[in-house]
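Observations on the three-dimensional arrangement
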Amino acid sequence: MSQFSVQGFGLKAHAKQLQPARFPLGGDQSSSAARPALKRPKLVRNTPSSGAAPRAAEGDDDDASDAPEDEPLEETLARLALPDAARLAGRYAIPHLYAWQREALFSDPATLEGGSLVYAAPASGGKTTVAELLIAKALWRRRKRRVALYVVPLKSLVEEKVGQFAKLWSGDGSYGWRVRACHGDAEESRRARERGGRKRPRPPALVDDGDTDVAVLTWESASAFLDALFERGGAALVRERLACVVVDEVHLMSESQRGAVLESFLVKLLLARPAADGRRGDPQIVAMTATASNLPELAAWLRASLFRTSYRPTTLDVFVASPPLYACLLYTSPSPRDKRQSRMPSSA
């Protein structure tokens, strides 16, 4: 079972809310017995007034929102109440969102008011765009010394996302937000510069840096930052400092080596969120995946609404390569229409 100390963060009273639970996040259900038990809050699922158990609502071929299927991106951003929608739309260089992306953003009003969200779509289906818009919405909703975290498993992904987000939000003609890379190497370089080459133990940069708006972090750096916030000001400081936390590739929490780091990070985030209403509150948690097999359990654990789609904008070609130098097309999957979507109601 993954362990972390809650007493050191002044959270001993909240520890009673946690109980062991098991759910595999990968596609291999046979490996669930080897998965360490998760500690999660005891949750009560919302049920309809008829007393029936909650179930995912199946969508039809049309977007559930009132917007037309090819609503211009500028109009979508305006509906999100994002400033300077025309200029931001130009930075995206796409004519409109996919129908499933608008559905994920607008079908549950709680999502745009700070409610947590778990969503799944095939690879290259546009998941990052949804996360970017939710980050922008959260930062404009809570602008006073707030930072949004984008948590990824690898340092290479940190550098890639920093460049991507900087093109959207930094520089002239944009929101002017500062995007920072936070991982082990970046932290060591910062400490060396600030101490004239003498490395001393210091809290992560984001604790004292009020100028950063979006931070892209590895699991370990995100966990260290969250621990430092708890040590300095408890759950109240976490809620004050964090506007939104996006976790990419959340299914990797099932990894046997590093998965416990992400798991404990999410547990501590849940402890910081208000207990009275799990659907809304700071920080907003957004988790996305392409391969998790038990999304309803994951969404219930994170007190989040659930959205999933099978839409993929391109075909998926599988090749087999063999010597000397040629490849054989083994399989081509169709590009399905965006017509099987579902959303699970949030847990209270």
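Residues numbered from 1 in each chain as written. Predicted model: local features only at pLDDT ≥ 70, side-chain atom pairs only at ≥ 80, totals over all residues. Heavy atoms only, no water.

1. Notes on the pattern of salt bridges
Our working rule: One side-chain nitrogen of Lys or Arg within 4 Å of one carboxyl oxygen of Asp or Glu is enough to make a salt bridge. Only protein chains enter the calculation, and the probe is 1.4 Å; a residue is then buried if its accessible area is under 20% of its type maximum, exposed if over 50%, and partly exposed in between.
All chains considered together, the criterion is met by five salt bridges. Ionic pairing is found between R87 and D84, a salt bridge with its closest N-O pair at 3.6 Å. Owing to a relative accessible area of 47%, R87 belongs among the partly exposed residues under this scheme. As a salt-bridge pair, K268 and D227 come within 2.6 Å of each other at their nearest N and O atoms.

2. A closer look at the nonpolar core
How we decide: Residue types Ala, Val, Leu, Ile, Met, Phe, Trp, Tyr and Cys, when buried and joined through side-chain atoms within 4.5 Å, form a set referred to as a nonpolar core. Each helix corresponds to a stretch of at least 4 residues labelled H or I by DSSP, and each strand to a stretch of at least 2 residues labelled E; elements are numbered beginning at the N terminus.
Among the nonpolar cores identified, the biggest contains 46 residues, and L77, Y119, I135, Y150 and W169 are the most heavily contacted of them. No other element matches the eight residues that helix 4 (residues 127–141) contributes to this core. Core analysis: the second largest hydrophobic core is formed by 39 residues, A120, L229, V247 and L306 among them.

3. Looking at helix 5 (residues 155–169)
The cut-off we apply is this: The span expected for a helix works out to 1.5 Å for each residue beyond the first. Read the arc as the range of directions from the helix axis to the C-beta atoms.
With 15 residues, helix 5 ought to run about 21 Å at 1.5 Å a step, and its terminal C-alpha atoms sit 21 Å apart, in line with that. Along helix 5, the positions that sit buried rather than exposed are V158, K161, V162, F165, L168 and W169. Down the axis of helix 5, the buried side of the element spans an arc of 125°, and every buried residue falls inside it. In helix 5, the exposed positions angled more than 90 degrees off the buried face are occupied by S156 and K167. G171 sits one or two residues past helix 5 and shows a positive phi near 85°.

Shape descriptors only; they carry no functional weight alone.
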